[in-house]
Amino acid sequence: MPELPEVENLRRGLNSRIKGQIVKKVSVFAPKLVSGKGNVRHASGAKTRLFIRAFKGEKIQDIERRAKNLIFHFQSGKILLVHLKMSGQFVYQERHKNVVEGGHPIQLSEIKLPNKHTRVIFELNKGVLYYNDTRMFGYLLYYPTIGTLIRENHFHKLGLEPFDPHFTLKYLAEELKKKTGKIKTVLMGQGIVTGLGNIYCDEVCFAANIRPTRRANSLKPNEIKKLHLAIQHILKRAIEMGGSSIATYRLADGSRGNYAREHRVYGKDGKPCVICGEDLKKIIVNNRSTVYCASCQV
DNA sequence: GTACTTGTTGAACG
DNA sequence: TCGTTCAACAAGTA
């Protein structure tokens with residue numbers, strides 16, 4: 001699953017390879033992905049045709065990231081907004097050269113392009129950019145201007161980026177005070193700080209010795225301090241690991257992400273806690289599997 | 001075949 | 001009106 005670090009590294013990889021290129025042709029094989037966001041989307045022929053037409057001949061100026069969204073800026077001011085959700089993936093192939101991929105990991109044997117999960121193809125002047133998505137939860141949306149995107153999307157509901165200077169201990173404490181929901185649910189909501197998915201929520205709660213079921217407004221000052229530190233430390237570390245796995249990904253070596261090795265609770269239910277040795281417990285919070293140590297996390 | 005997994009969000013709920 | 005809870009989306013894996 002693409003986590004924030006993977007999206008960030010994908011952004012860097014794409015910027016270094018496709019910035020400045022011209023879109024020659026767009027092909028859409030899954031119309032619903034370009035027809036709107038949300039869980040009730042219907043394929044629209046008109047929207048698909050508009051999407052295909054919109055980017056033809058456009059020059060890619062820059063690719064930006066906001067939370068886990070990728071924002072492609074074109075020289076004309078047009079915008080392509082992409083969210084990979086759970087299984088989205090970009091693979092860029094330059095003729096006779098390496099392949100750069102990011103998002104959902106792929107096996108070496110799967111590098112046949114296009115393949116059955118290829119949903120959108122952008123033919124550029126130097127190579128081809130494939131958007132693959134097995135589960136088709138992701139989306140690619142066209143906006144005529146950045147202003148349209150900001151008005152029509154819910155970016156205003158997103159919290160701060162974890163490394164934004166405004167994401168301070170004071171800010172976190174004040175925001176958590178307003179929330180009565182479980183701390184894991186609140187962190188996953190993206191409304192206070194972005195980038196924490198199911199995996200990192202568990203890891204962050206473990207690092208801060210806070211049980212994921214604790215009510216957000218019940219956290220004590222020293223717990224919030226540990227939480228704030230854990231969020232920045234763990235995401236920073238994950239970005240470094242993502243940087244070491246995805247940005248350097250080559251067809252020849254096939255190296256995979258390394259950050260999974262550092263998981264201390266996620267996916268380890270029943271195994272001994274690395275701190276106290278007690279068996280980790282698994283529960284459901286926010287409709288998501290949640291692993292924690294009943295001894296270390298209070 | 002069945003259960004489970006994922007990020008986000010619209011709908012339901014209180 | 002608003003905050004919180006919850007199911008839906010798709011398809012692969014165990």
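Residues numbered from 1 in each chain as written. Chains lettered and ligands numbered in written order. Predicted model: local features only at pLDDT ≥ 70, side-chain atom pairs only at ≥ 80, totals over all residues. Heavy atoms only, no water.

A. Focus on the overall build of chain A. Looking only at helices and strands, one finds seven helices and eleven strands in chain A. The 298 residues of chain A split such that 51% are buried. For chain A, the share of sequence-separated contacts (at least 6 apart) that also reach a separation of at least 24 residues comes to 66%. Within the structure as shown, chain A displays about 14100 Å² of accessible surface, and the carbon and sulfur contribution to it stands at 52%. (Helix = DSSP H or I, 4+ residues; strand = E, 2+ residues; numbered from the N terminus. Buried < 20%, exposed > 50% of the residue type's maximum accessible area, 1.4 Å probe, protein only. Contact = heavy atoms within 4.5 Å. Areas by Shrake-Rupley, 256 points an atom, 1.4 Å probe, with all protein chains shown as cover.)

B. Broad picture of the environment of Ser 295. By the secondary structure assignment, Ser 295 is in the segment after β11 (288–292). The spatial distance from the C-alpha of Ser 295 to the C-alpha of Pro 272 is 11 Å, given a sequence separation of 23 residues. Apart from residues no more than four positions distant in its own chain, Ser 295 is found in contact with Cys 276 and Glu 278.

C. Molecular detail of the nonpolar core. Grouped together as the largest cluster of nonpolar side chains are 30 residues, with contacts concentrated most on Phe 51, Phe 72, Phe 90, Phe 122 and Leu 140. Among the elements that take part in this core, helix α1 (residues 4–18) stands out by supplying four residues, more than any other. Beyond its immediate stretch of four places on either side in the chain, Phe 51 contacts Val 26, Val 28, Val 34, Leu 80, Val 120, Phe 122, Leu 140, Leu 141 and Tyr 142. (Core = buried A, V, L, I, M, F, W, Y, C linked by side-chain atoms within 4.5 Å.)

D. Quick peek at the confidence of the model for chain A. Per-residue pLDDT for chain A has a mean of 86; in total, 86% of the residues score no lower than 70. Confidence over residues 243–256 falls short of pLDDT 50; this stretch has 30 contacts with residues more than four positions distant or in other chains. (pLDDT = per-residue confidence, 0-100.)

E. Spotlight on the environment of His 166. The residue His 166 is located in the loop between α3 (146–152) and α4 (169–177) in this model. Separated by 87 residues in sequence, His 166 and Ile 79 place their C-alpha atoms 27 Å apart. The residues contacting His 166, other than those within four sequence positions of it, are Leu 160 and Tyr 171.

F. Representation of the protein's contact with DNA strand B. His 83, Met 86, Arg 135, Tyr 266 and Arg 288 are the nearest of the 20 residues found near DNA strand B. Protein-adjacent atoms of DNA strand B, using a 4 Å cutoff, are sugar or phosphate at a proportion of 65%. One of the side-chain N or O atoms of Lys 282 is found 2.9 Å from a phosphate oxygen in DNA strand B. Between DNA strand B and the protein, one listed contact pairs a base oxygen with a side-chain N or O atom of Arg 288 at 2.2 Å. A per-class count over the surface near DNA strand B returns five nonpolar, eight polar and seven charged. (Near = heavy atom within 4 Å. Polar contact = N/O pair within 3.5 Å; in protein donor to acceptor, adjacent residues only side chain to side chain. Nonpolar A, V, L, I, M, F, W, Y, C, P; charged D, E, K, R; others polar.)

G. Summary view of the pairing of strand β5 (residues 88–94). Most of β5 is tucked away: six of the seven residues are buried. Inspection of the sheet shows β5 paired to strand β8 (residues 127–133) by seven bridges, in the antiparallel sense. What sits directly across from Phe 90, in β8, is Tyr 131. (Pairing = 2+ DSSP bridges.)

H. Region of the structure containing the state of the cysteines. This model, assessed by the stated rule, comprises zero disulfides. Left unpaired, Cys 205 is separated from the closest cysteine sulfur, that of Cys 201, by 6.2 Å. Just so you know, Cys 296 is unpaired, no disulfide at all, and the nearest cysteine sulfur is the one on Cys 293, 3.7 Å from it. (Disulfide = S-S within 2.5 Å.)

I. Spotlight on helix α2 (residues 45–54). Residues of α2 that are buried: Thr 48, Phe 51 and Ala 54. Buried residues along α2 cover an arc of 135 degrees about the axis, so they all sit on one side. α2 presents Arg 49 and Arg 53 as exposed residues on the side facing more than 90 degrees away from its buried surface. In this structure, the buried side of α2 is in contact with β1 (23–28), β4 (79–83), β7 (118–124) and β9 (139–143). (Arc of directions from axis to C-beta.)

J. Fine view of the packing of aromatic side chains. For the structure on display, the rule yields seven aromatic pairs. Both rings, one in Phe 72 and one in Phe 90, keep their centres 5.8 Å apart while their planes meet at 55 degrees; by these two values the pair is tilted. Separated by 18 residues along the polypeptide, Phe 72 in strand β3 (residues 69–74) and Phe 90 in strand β5 bring together distant segments of the chain. You can call Phe 72 buried: its relative accessible area is 2%. (Phe/Tyr/Trp six-rings, centres within 6.5 Å; stacked < 30°, edge-to-face > 60°.)

K. Seen up close, the sheet that holds β4. Taken together, four strands build an open sheet; the order of strands is β2-β3-β4-β9 and the sheet is antiparallel. On the outer flanks of this sheet lie β2 (60–66) and β9, each paired with one strand and no other. Shown here is a sheet whose adjacent strand axes are inclined to one another by a mean of 20 degrees, direction ignored. Sheet topology note: the β2/β3 ladder contains six bridges and is antiparallel. The residue of β3 that forms the bridge with Ile 60 is Phe 74. Contacts from α1 reach β2 and β3 within the one sheet, and its direction differs from that of β2 by about 170 degrees. (Axes fitted to C-alpha atoms, helices over the stretch in contact; angles between N-to-C directions.)

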